[in-house]
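Descriptive analysis of the structure
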Amino acid sequence: NAGVMQNPRHLVRRRGQEARLRCSPMKGHSHVYWYRQLPEEGLKFMVYLQKENIIDESGMPKERFSAEFPKEGPSILRIQQVVRGDSAAYFCASSPLTDTDTQYFGPGTRLTVL
Amino acid sequence: KNEVEQSPQNLTAQEGEFITINCSYSVGISALHWLQQHPGGGIVSLFMLSSGKKKHGRLIATINIQEKHSSLHITASHPRDSAVYICAVRLRGGNQFYFGTGTSLTVIP
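Conventions adopted
- Residue indices follow the written sequence of each chain, beginning from 1 at its first position.
- Chains and ligands are labelled sequentially in the order written, the chains with letters from A and the ligands with numbers from 1.
- Under the rules for a predicted model, residues below a pLDDT of 70 receive no local features and side-chain atom pairs below 80 are neither given nor counted, while totals for whole chains, interfaces and linings still include all residues.
- In computing side-chain values, all of the structure's heavy atoms are included and hydrogens and water are not.
- Only heavy atoms enter the contact rule, under which two residues are in contact if any of them lie within 4.5 Å.
- Two parts placed together each lose some accessible area under a 1.4 Å probe, and adding up what both lose gives the buried area.
- Any Lys or Arg side-chain nitrogen located within 4 Å of an Asp or Glu carboxyl oxygen qualifies as a salt bridge.
- Under this definition, polar contacts are N or O atom pairs within 3.5 Å; protein pairs additionally need one hydrogen-donor-capable and one acceptor-capable atom, and for neighbouring residues in sequence, both atoms have to be side-chain atoms.
- Starting at the N terminus, helices and strands are each numbered in turn, a helix being any DSSP run of H or I of at least four residues and a strand any DSSP run of E of at least two.
- Residues are grouped as follows: Ala, Val, Leu, Ile, Met, Phe, Trp, Tyr, Cys and Pro are nonpolar; Asp, Glu, Lys and Arg are charged; all remaining types, including Gly, are polar.
- Pairing of aromatic side chains here covers Phe, Tyr and the six-membered ring of Trp, requires ring centres within 6.5 Å, and sorts the geometry by plane angle: under 30 degrees stacked, over 60 edge-to-face, intermediate tilted.
- With a 1.4 Å probe rolled over the protein chains alone, any residue whose accessible area is under 20% of its type maximum counts as buried; one over 50% counts as exposed, and the rest are partly exposed.

Facing 19 residues of chain A, the contacting portion of chain B comprises 18 residues. Regarding the contact of chain A and chain B, the summed buried area is about 1,500 Å², with carbon and sulfur atoms giving 54% of it. Across the contact surface, chain A and chain B share zero salt bridges. For the pair chain A and chain B, the number of links is three residue pairs in polar contact (both at pLDDT 80 or more). Counting only elements with at least two residues in the side of chain A that touches chain B, the list comes to strand E4 (31–37), strand E5 (43–50) and strand E6 (53–56) of chain A. Looking at side-chain class alone, the side of chain A that touches chain B contains nine nonpolar, seven polar and three charged residues.

Next comes the structure, spelled out in structure tokens:
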């Protein structure tokens with residue numbers, strides 16, 4: 001049973017470009033969480049999704065950031081017009097429907113904005 | 001004020017020492033996690049607690065719901081235990097998790 005997969009593991013973008021980060025939850029998990037870890041800071045919640053539904057996006061910046069979890073395929077965190085301050089590690093975690101207190105983390109995507 | 005406070009921020013120990021990392025939180029929770037993060041690496045969930053105590057190998061985690069406090073203990077510490085240990089809580093009735101800033105542990109041979 002493969003764990004949570006994230007790709008790419010490392011992503012380099014220039015200011016103004018778009019970044020797309022993908023997260024494939026564990027098999028059978030229908031809940032996905034995205035977190036951001038800025039350099040020298042702790043993890044911060046961004047968004048919580050179920051298939052085809054955003055449950056809680058209270059941690060998402062109001063502009064340039066969006067997330068989706070389609071019926072088929074991975075969850076996508078999209079950052080438009082990236083700025084240097086977006087450089088961070090982005091982690092995804094998944095939970096089964098029956099136990100949303102349990103979280104399994106992916107390896108993270110390290111985004112560097114030049 | 002952060003909902004989750006950890007102490008100490010940094011900890012250096014000699015191999016074999018008994019280590020304790022503390023976590024205090026200020027809100028009602030449904031679950032508390034202890035996570036391990038190696039430098040440049042991913043995050044591993046060590047324990048999930050809602051009450052009592054759990055043990056896995058040399059690691060022990062306890063939680064006192066009334067005092068809103070949890071501890072992570074490492075017995076017979078080893079250099080491979082060197083990592084950042086993070087406490088995370090899920091608010092009761094809430095969706096998101098709140099994280100402590102982590103305790104950076106270095107175990108010297």
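Past the structure itself, the notes keep going.
This paragraph deals with the packing of aromatic side chains. All names here are of chain A. Following the criterion strictly, the structure yields six aromatic pairs over all chains and no others. On the numbers, 4.4 Å between centres and 5° between planes, the contact of Tyr 33 with Tyr 48 is stacked. Of the two residues, Tyr 33 sits in strand E4 while Tyr 48 sits in strand E5, which places them 15 residues apart along the sequence. Of the residues examined, Tyr 33 reaches a relative accessible area of 0% and is grouped as buried. For Tyr 48, a relative accessible area of 4% gives the class buried. Summarising the aromatic geometry, the rings of Tyr 35 and Phe 105 are spaced 5.8 Å apart at their centres and angled 35° between planes, so their arrangement reads as tilted.

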